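# Structural overview for review
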Amino acid sequence: MQKAVVLDEQAMRRTLTRIAHEIIERNKGIDQVVLVGIRTRGIFLANRLAEKIKQIEGEKIPVGELDITLYRDDLTERTKQGDPLVKGSTFPVDIHNRKVVLVDDVLYTGRTVRAAMDALIDCGRPSQIQLAVFVDRGHREFPIRADYVGKNIPTSKQEKVVVEMTEVDSVDRVTIHSIN
């Protein structure tokens, strides 16, 4: 059951613009920077960030896609429900010695990010890995902290944060739902 709309379309757009500026500022431009979206919504967020960065810097930033399916620590639980659907990872450039900004929609326990770092290291050796998340909701189980946070939303474990994007959900918004 939906409890609240935290960000609407306009607020999401402003948040992405701020994150894009922060990425450019921290890296002193975009030279050697690659955005890598974690499937599924992280990819859409990475593409939107790339578009904002292009508007600001006047040049394209490479965007990759990362599939962490086989790196998840709950894979044995998921395979009981059927074979995992592996879509593969793609990178437009070699990530070796590049600054990779992992992009995801919600940071919760940190397990997804840990799996993403393992998958990324198997694809190359970046000089640095940074993390950009649209929402940080707390409740970490691993010592992981985002470098760029769109919005901190303190939640209880009985709540779920949902990032909806027009690419898959026909609407742009962030909502909080009761799990019960």
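Along every chain, residues carry numbers that run from 1 in the direction the sequence is written. Given that this is a predicted model, residues contribute local features only at a pLDDT of at least 70 and side-chain atom pairs are listed and counted only at 80 or more, while totals for whole chains, interfaces and linings are drawn from all residues. Note: side-chain values were computed over all heavy atoms of the structure, leaving out hydrogens and water.

The cut-off we apply is this: UniProt positions are given in the numbering used here, feature names are shortened, and annotations may be inferred rather than shown by experiment.
The name that an unreviewed UniProt entry assigns to the chain is Bifunctional protein PyrR, with the source organism given as Fervidibacillus albus. The record held by UniProt for the chain lists under Sequence similarities (unreviewed entry) the comment "Belongs to the purine/pyrimidine phosphoribosyltransferase family. PyrR subfamily."

### Quick notes on the nonpolar core
Note the threshold: Nine residue types can take part in a nonpolar core, namely buried Ala, Val, Leu, Ile, Met, Phe, Trp, Tyr and Cys, and a core is a set of them joined through side-chain atoms within 4.5 Å. Summary of the burial criterion: residues with accessible area below 20% of their type's maximum are buried, those above 50% are exposed, and those between are partly exposed, where the area comes from a 1.4 Å probe applied to protein chains only. A helix here means a DSSP run of H or I that spans at least four residues, while a strand means a run of E at least two residues long, and both kinds are numbered starting from the N terminus. Residues are treated as being in contact if the distance between any of their heavy atoms lies within 4.5 Å.
With 31 residues, the main nonpolar core has Leu35, Phe134 and Val174 as its most contacted residues. Only helix H1 (9–26), strand S2 (33–38), helix H2 (41–57), strand S4 (99–107), strand S5 (128–136), strand S7 (159–164) and strand S8 (173–178) provide two or more residues apiece to this core. The leading source of residues in this core is H1, at seven residues. Not counting the four nearest positions on each side in its chain, Val174 is found in contact with Ala4, Val5, Val6, Leu7, Met12, Phe134, Val135, Ile153, Val161, Val162 and Val163. With 18 residues, the next largest nonpolar core counts Val34, Ile95, Leu107 and Ile144 among its residues.

### Remarks on the side chain of Thr175
Selection rule: Contacts described as polar in this section are N or O atom pairs within 3.5 Å, which, within protein, must combine one atom able to donate a hydrogen with one able to accept it, while residues neighboring in sequence count only if both atoms come from side chains.
Relative to the helices and strands, Thr175 resides in strand S8. Looking at Thr175, its side chain comes within polar contact range of the side chain of His177, at 2.8 Å. Other than its neighbours up to four places away in sequence, Thr175 contacts Gln2, Ala4, Val5, Val6, Lys160, Val161, Val162 and Glu164.

### Focus on the pattern of salt bridges
Our working definition: A side-chain nitrogen of Lys or Arg and a carboxyl oxygen of Asp or Glu constitute a salt bridge if their distance falls within 4 Å.
Following the criterion strictly, the structure yields twelve salt bridges and no others. With its nearest N and O atoms 2.8 Å apart, the salt bridge here joins Asp147 to Arg26. Here the residue Asp147 occupies a position in the loop between S5 and strand S6 (148–152), and Arg26 occupies one in helix H1, the gap between them amounting to 121 residues. On the accessibility criterion, Asp147 (25% relative accessible area) is partly exposed. A salt bridge links Arg111 to Glu141, with the shortest nitrogen-to-oxygen separation between them at 2.5 Å.

### Points about the environment of Leu70
Tracing the backbone shows Leu70 in the loop between strand S3 (63–66) and helix H3 (75–79). Since its relative accessible area comes to 54%, Leu70 is described here as exposed. Sequence-wise, Leu70 and Gly88 are 18 residues apart; in three dimensions their C-alpha atoms are separated by 9.7 Å.

### Observations concerning the packing of H1 against H2
As a reminder, the rule being used: Note on definitions: angles span 0 to 180 degrees between N-to-C directions of axes, and those axes are lines fitted to C-alpha atoms, for helices only across the stretch in contact. Small angles under 35 degrees read as roughly parallel and large ones over 145 as roughly antiparallel, with 65 to 115 read as roughly perpendicular and the rest as oblique. The hand of a helix crossing depends on one turn: near helix anticlockwise from the far one by less than a right angle means left-handed, and clockwise means right-handed. Each residue is assigned to one class: nonpolar for Ala, Val, Leu, Ile, Met, Phe, Trp, Tyr, Cys and Pro, charged for Asp, Glu, Lys and Arg, and polar for all the others, Gly among them.
At a minimum axis separation of 9 Å, H1 and H2 run at an interaxial angle of 65°. Of the possible angle classes, the one that applies to H1 and H2 is roughly perpendicular. Considering how the two elements wind past one another, H1 and H2 form a crossing that is right-handed. Taken together, the residues of H2 that come into contact with H1 (itself represented by Met12, Arg13, Leu16, Thr17, Ile19, Ala20, His21, Ile23 and Ile24) are Leu45, Arg48, Leu49, Lys52, Ile53, Ile56 and Glu57. Along the lines of polarity and charge, the residues of the contact of H1 with H2 split into ten nonpolar, two polar and four charged.

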